[in-house]
Amino acid sequence: MADERAVPSSGHSHDSPELRIVLIGGRELTGDPSNKSLSGNIILGQNVFDTSRRSAQSVAGQQEVHGRRVTVVDTPGWWWHYPLENTPKLDQIEIQNSVHLCPPGPHAFLLVFHHSFFLPQIFISSLKEHLKLFHKDVFNHTIVLFTAEDPWDEKNVETTISEWSEMQWILEQCGNRKHVFCVSNREDSSQVEALFEKIEAMVAANRGRHYPIDRAHGNALREEMKAISDRASKRFDEVQTQRRKLRALIEGGKTPPAHLRLVMVGAQWSAKSSAGNTILRKKAFAVHHRRTTMSCEINHGILGERTLAVVDSPGWFYNHTLQDTSETDKHEVENSVYMCTPGPHAVLLVVGLAAAFNTSYHRAVQEHMSLFRDDVWKHTIVLFTRGDWLGVKTVEERIESEEGLQWLMKKCGNRYHVLDNMKHNDEMQVQDLLEKIEEMWAGNEDPHYKVDPDREAQLEARKEAEGKLARRIRKTTERQSRILGKLFEGERLTITDLRIVLLGREESGKSMAGNKIFFEEIFERIWVKKEFQDQRRTEKCVKHEGNFGRINVAVVETPGWPADTTAPVWLKEEVLRSVSMCAPGPHVFLLVVPISKAFTEEDHKALVELLMPFGERVWRHCMVLFTWGDWLNDRLIEEHIAGEGKSLQRLVEKCGYRYHVLNCHVFGNHFPVKLLFQKIIDLITWNTGQCFTAGDKQGNKQSVLTEEEWNRREQDLINRMLRAFGNEPEEPTQPFVKRGASLDGAFIPSMSGDAPSEFGNMSDLWREASRAKVSEWLKTRAGNSDVTSGIGSMSASASHVDESPLPDEND
C-alpha cells in the first residue's frame, strides 16, 4: 500500500536528473528556530511547506529546480534537550516514514541548524538517539545546513565551528560537509544551486548510491499507522456514544449546577496556567518562562449562564517520582481540592501533547494522583494542552499510539478534551469542555469529589507552623549577621585567593554552580534529564581556576552520588582528595542542595558521612548552596527550609545558618555571584582568615594553649552565643506575602516549521561584563575585607536575590 503523501518514482525515463532530499532536525527551548520548513521552500522555490505551524507529519514536495527534478521531504522536529523516548511515538513513526516518501530513497539528509544554535553535550546524545530511527549509514548521506537571517560567509562559518567542539564532532561524522542558507534572501538562487552541487558531489563520493530503504519496513510503518487510525476511530465512536447517553440524562431533567468548581493538576511545562486562562477567558493566572506557581491560587469567571471557580496548583517535574517532589509541593498539590470546598466538580489532569507520555511521565502522574483518594478518578478529565502540536493528527491517534495514555483513559473513564491555548478567543473549545464536565457530573453518584475536613485542618495547621518556623529561621540569620558584624567590627583581612569545594548528590546543580561562579561553561553539566542513560558521570574531582582582578578563585567539584543512597567508599576518598587539590585547604565547602527536589534523611546522612573524616570543626567552613532558585519565585528560602522537614533544617543549623540561593536560568547577572563571594569572605573573616586543613580535626589538641587554641576557644564562645540567640523566644512578625502563577508559555514553544522563539542565546558580551564587575568588586572587597552586617549579607533569604541589585559602597 503506497503512502498518498509520497512522490511516485518514475524510474529513469525522465530527462532531468533527480535529487531527493529529506530535512531533519530539532528545536531548542530558548533559541532561534532552525528554519527547517523554510529551507525546504527555498530549495523548491515555492511555499510548499507551512511555516506558520508545527510540522506534525512528513510531507513531500516536488519541483523542477535548476534543471533538476527535486523532491524535498519535511519531517516533524524533535526537542534537542529530550531523549528519543520523550519524542511522541507518532512523531517517531513519521520521521521514519520520511525516507519512504521519496522512493527509491533520498540522496541527501539535510541536518538543519540555526547558525546561532548552542549545542551542549546533551544535544549530541539526543541527536545520536534520534538518528537511530534511520539506518546506521545515515551520516554518509548527510550535509549540515546552517541557516541565517543575514549573509554569513565561509569565514564566519569556520570561526564559529572552531569554537564549537560538539559541532566539530557532527561535521566529522558527515565528512565535513556543510552549507549556509541566507533565509532572508530567498531570491538568491545561487545558494540553492551551490547546495545541489555539494549534494551531487556527495552522491558521487558514495559511488552514485542513495540512502537505502527497506520496502518491508515501509509497509510495516504504513500498517502500523493504519492500525492506530482504526483504533482511534473506534475510540472516537465509543466516546460519542457515551456522551450521548450522559447528555440524555441532563435533557431528561437532571440539571447540572450553575456554579462549577474546577481544580487543575499536572506536571510542570504542561501549560496548566495557560489552560486556566483559556477556560476563564482572561489572564487570571500569571504565565512566565520560569516556574512561578508556588502555592494554589483560585480565580473566578462567567461563561454564558455558568459561573466558574478554577484552582491552579504547583506542577511537579514530569519525570519525578513522588519521593523526588519536595514536601511543600506535595502538600500544595493535595491542598488544591480544599481551595473550593466542599470539593471540586472536576479535577482537570493537564497533560501536554508536546512530549511523549512515557514510562517516567506515567509513573509521575500515577504517584502524584495518589495524593488524593482513589475515587478522585471518578471526577477526573484529562485535559490535553498544546493542541496545535497534533497538526493533522487526531488526539485519538495520539492516545492509541502510547500505552501510558491508554492506561490514563481507562483510569478516568475515557474522558478527555483538547485545548489549543494559542486560540484564546475560541469559546467553543471551552464550551465543549464544560459540557463534558456536566456530562461527567450527570453520570456520577456523588456530585463532586468530597474533601476531608479533618485533613484540611491538618494541612492548615502545618502551613501555620511552617510560617512560624520560617520567620524564626530568618530572625536567627538576621541576629547572627548583626552580632558577628559587631564582634568583628574593624578587623580586616587581606585575601588573595578563594578556594571552594562543591559537594552534593547527582543532579544537584554543582556543575551549574561552578559555571555560574566563573561566568563560563567550564564544568561539564550532567543536566537534569534522567533518561540519558549513556551520559558520562564525573567519577573524579574536577578543578578549575580563574582570576578575578588580583584574586585567584579555585573551585573543585566532587563527584555526585544517586539520591537517597549511601555515599560509596570511593566517593569518600575523592572528597578527601578534594582538600589536597586546593592546598593548603578550602576556605568553604558549598553543600549543594537543589530546591526543585526533596531533601531526604538519606541525603542528610550522606553529606554528614562524607564530611565525618574531617571532624566536627569542618562545619565551621560549610555553607548550604541552594540551586534552582527560580523554583522559589517570590517564595522565601526560609519557607522552603521550614517546609522541607527536619533533615534540611538540621543541615542548615549544622552550617551555622549560612546559606545562599542561585538561579539556574539567569546567566550574566553578577549580583548573586557577588553576594556569594561576600558570604564566603565573611566566613573566612569569622574563621580568623584560616582555611580548612586535613589536620584540623577535633581531638588534635596540643598540650600547651597556643594562639590557635585561644582562637578556637574564642570561636567556641561565639558559637555558644549564636546558639543562645537562636533559642530566643519568637517575636510576632508580619506574615509573608506570596504570589501565584505557573511556568507554561515559553519553555515549550511551538515547534512549527519556523515560528520564532522569544528567547535568544546567552550573550558572551553580557557574561564577560558581569565577570568584570565581580572582578572589580572582589579586588576592592577582598583586598581589605571586614565582616558585613545585615540580612543582605547573611541569608539571601528571597529567591529574587538573583534578580535585583544589592547596594554597597562600590555600586
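None of these values were measured; they are calculated from a predicted model. (Residues numbered from 1 in each chain as written. Predicted model: local features only at pLDDT ≥ 70, side-chain atom pairs only at ≥ 80, totals over all residues. Heavy atoms only, no water.)

**Observations regarding the environment of K282**
Working step 1: Position of K282 relative to the elements: it lies in the loop between helix 8 (272–280) and strand 10 (286–288).
Working step 2: The sequence separation of K282 and N425 amounts to 143 residues, and the corresponding C-alpha distance is 9.8 Å.
Working step 3: Among residues more than four places away in sequence, those in contact with K282 are N277 and H300.
Working step 4: Engagement of the side chain of K282 in a polar contact is seen with the backbone oxygen of H300, the distance being 2.6 Å. (Helix = DSSP H or I, 4+ residues; strand = E, 2+ residues; numbered from the N terminus. Contact = heavy atoms within 4.5 Å. Polar contact = N/O pair within 3.5 Å; in protein donor to acceptor, adjacent residues only side chain to side chain.)

**Comments concerning the sheet that holds strand 6 (residues 108–114)**
Working step 1: Within the open sheet, the six strands sit side by side as 3-4-1-6-7-8. Their pairing is mixed. With one partner strand each, in any of the chains shown, strand 3 (59–65) and strand 8 (178–182) form the two edges of the open sheet. Taking the axes of each pair of neighbouring strands and ignoring which way they run, one obtains an average angle of 30 degrees across the sheet.
Working step 2: Contacts from helix 1 (residues 36–44) reach strand 1 (18–24), strand 3, strand 4 (68–74), strand 6, strand 7 (142–148) and strand 8, with the element oriented near 170 degrees to strand 4.
Working step 3: Lying on the sheet, helix 4 (residues 154–162) is in contact with strand 7 and strand 8; it crosses strand 8 at an angle near 120 degrees. (Pairing = 2+ DSSP bridges. Axes fitted to C-alpha atoms, helices over the stretch in contact; angles between N-to-C directions.)

**As for unusual backbone geometry**
Working step 1: In this chain, T341 is followed by P342 through a cis amide linkage whose omega measures 5 degrees.
Working step 2: By the element assignment, P342 lies in the loop between helix 9 (327–335) and strand 13 (346–352).
Working step 3: Following A583, the chain continues to P584 via a peptide bond in cis, the omega torsion being 5 degrees.
Working step 4: Relative to the elements of secondary structure, P584 occurs in the loop between helix 16 (569–581) and strand 19 (588–594).
Working step 5: The backbone of R386 sits at a positive phi, close to 60 degrees, despite the residue not being glycine.
Working step 6: Following the sequence through the fold, R386 ends up in the loop between strand 14 (380–385) and helix 11 (395–401).
Working step 7: According to the relative accessible area criterion, R386 is buried, its value standing at 12%. (Buried < 20%, exposed > 50% of the residue type's maximum accessible area, 1.4 Å probe, protein only.)

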